[in-house]
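Okay, here's what each chain looks like letter by letter:
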Amino acid sequence: MIELLILDVDGTMTDGKITYSNSGEEFKSFCVKDGLAIATWLRLGKKVALITGRESKIVENRVKELGITYLYQKCNNKVQKVEEILDKEGLSWESVASIGDDLNDYAMLQKAKLGFTPANGSHLLDSVIRLQNRGGDGAIREMIEYILKEQNQLEDFIKVWVAK
């Protein structure tokens, strides 16, 4: 049973583009459908961690907004960070699904029970499940729905938002 989602940020939660203003301010866009799916996953009592090689205040703000459990930025060894989380939570790699879009995610994707890449993820990641949606355009939502359908929990996901 998948209990922990490990999410890369740039290229999975975003379209992978980083835009700067003339003053150096950074801009990112996030998909609200992904956000709703993450919030619902958390309401089901499950865990989420964002692990990214970059550092951004924008990402910190998104994590706080969604109530995400773990955030690690400027991370060069994602597998090591996941193992720290697993130790803390008393979980194993068998309870992990992860999503990444490039080679810095490769080892993490291979160790997870389920590994995913967006439609526009590197073709060097073809050993994992390639989603139909692009990064920043519903890939996280698609991954979460895939997992819940496989675990026969999709109805629980829907019930979170449907009036009783």
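The preceding data block contains the structure.
Residues numbered from 1 in each chain as written. Predicted model: local features only at pLDDT ≥ 70, side-chain atom pairs only at ≥ 80, totals over all residues. Heavy atoms only, no water.

Caption draft 1: Region of the structure containing the pattern of salt bridges. Taken as a whole and judged by the stated rule, the model has 15 salt bridges. Across the pair Asp-105 and Lys-78 runs a salt bridge whose closest N-O atoms are separated by 2.5 Å. Placement of the pair is Asp-105 in the loop between β6 (96–99) and α4 (106–111) and Lys-78 in helix α3 (residues 78–89), with a sequence separation of 27 residues. Comparing Asp-105 with Lys-78, the two get one shared label, buried. With a closest N to O distance of 3.4 Å, Lys-81 and Glu-84 form a salt bridge. (Salt bridge = Lys/Arg side-chain N within 4 Å of Asp/Glu carboxyl O. Helix = DSSP H or I, 4+ residues; strand = E, 2+ residues; numbered from the N terminus. Buried < 20%, exposed > 50% of the residue type's maximum accessible area, 1.4 Å probe, protein only.)

Caption draft 2: Representation of the sheet that holds strand β4 (residues 47–51). Across the sheet, which stays open at both edges, the six strands sit in the order β5-β4-β1-β6-β7-β8 with parallel pairing between neighbours. A single partner strand is all that each edge strand has here, and the edge strands are β5 (70–72) and β8 (129–130). The sheet contact formed by strand β1 (residues 4–7) and β6 spans four bridges and is parallel. Considered in β6, the bridge of Ile-6 is made with Ser-98. Those strands touched by helix α1 (residues 32–43) are β1 and β4, and its axis lies near 135 degrees from that of β4. Against the sheet, α3 touches β1, β4, β5 and β6, its axis set at about 155 degrees to β4. (Pairing = 2+ DSSP bridges. Contact = heavy atoms within 4.5 Å. Axes fitted to C-alpha atoms, helices over the stretch in contact; angles between N-to-C directions.)

Caption draft 3: Representation of α3 in the model. With 12 residues, α3 should cover 16 Å at 1.5 Å per step; its first-to-last C-alpha distance of 16 Å lies within 8% of that length. Where α3 is buried, its residues meet β1, β4, β5, β6 and α4. Capping the start of α3, Asn-77 holds a side-chain oxygen 3.4 Å from the backbone nitrogen of Val-79, two or three residues further along. Looking one or two residues beyond α3, the residue adopting positive phi is Gly-90, at roughly 70 degrees. (Expected span 1.5 Å × (residues − 1). Polar contact = N/O pair within 3.5 Å; in protein donor to acceptor, adjacent residues only side chain to side chain.)

Caption draft 4: Structural detail: the pairing of β4. Across the five residues that make up β4, a large majority, four, are buried. Judged from the four bridges that link them, β1 and β4 form a sheet pairing that is parallel. Across the sheet, Leu-5 pairs through a bridge with Val-48, a residue of β4. As paired strands, β4 and β5 are joined by three bridges and run parallel to one another.

Caption draft 5: Focus on the nonpolar core. Formed by 27 residues in total, the largest nonpolar core has its most connected members in Leu-5, Leu-7, Ile-38 and Ile-144. Broken down by secondary-structure element, the contributors of at least two residues to this core are β1, α1, β4, α2 (57–66), β6, β7 (114–117) and α5 (139–150). When residues in this core are grouped by element, the largest group, six residues, is from α5. Excluding its chain neighbours within four sequence positions, the residues that come into contact with Leu-5 are Trp-41, Lys-47, Val-48, Ala-49, Ala-97, Met-143, Ile-144 and Ile-147. Leu-4, Ile-85, Trp-93 and Val-96 belong to the second largest nonpolar core, which has 14 residues in total. (Core = buried A, V, L, I, M, F, W, Y, C linked by side-chain atoms within 4.5 Å.)

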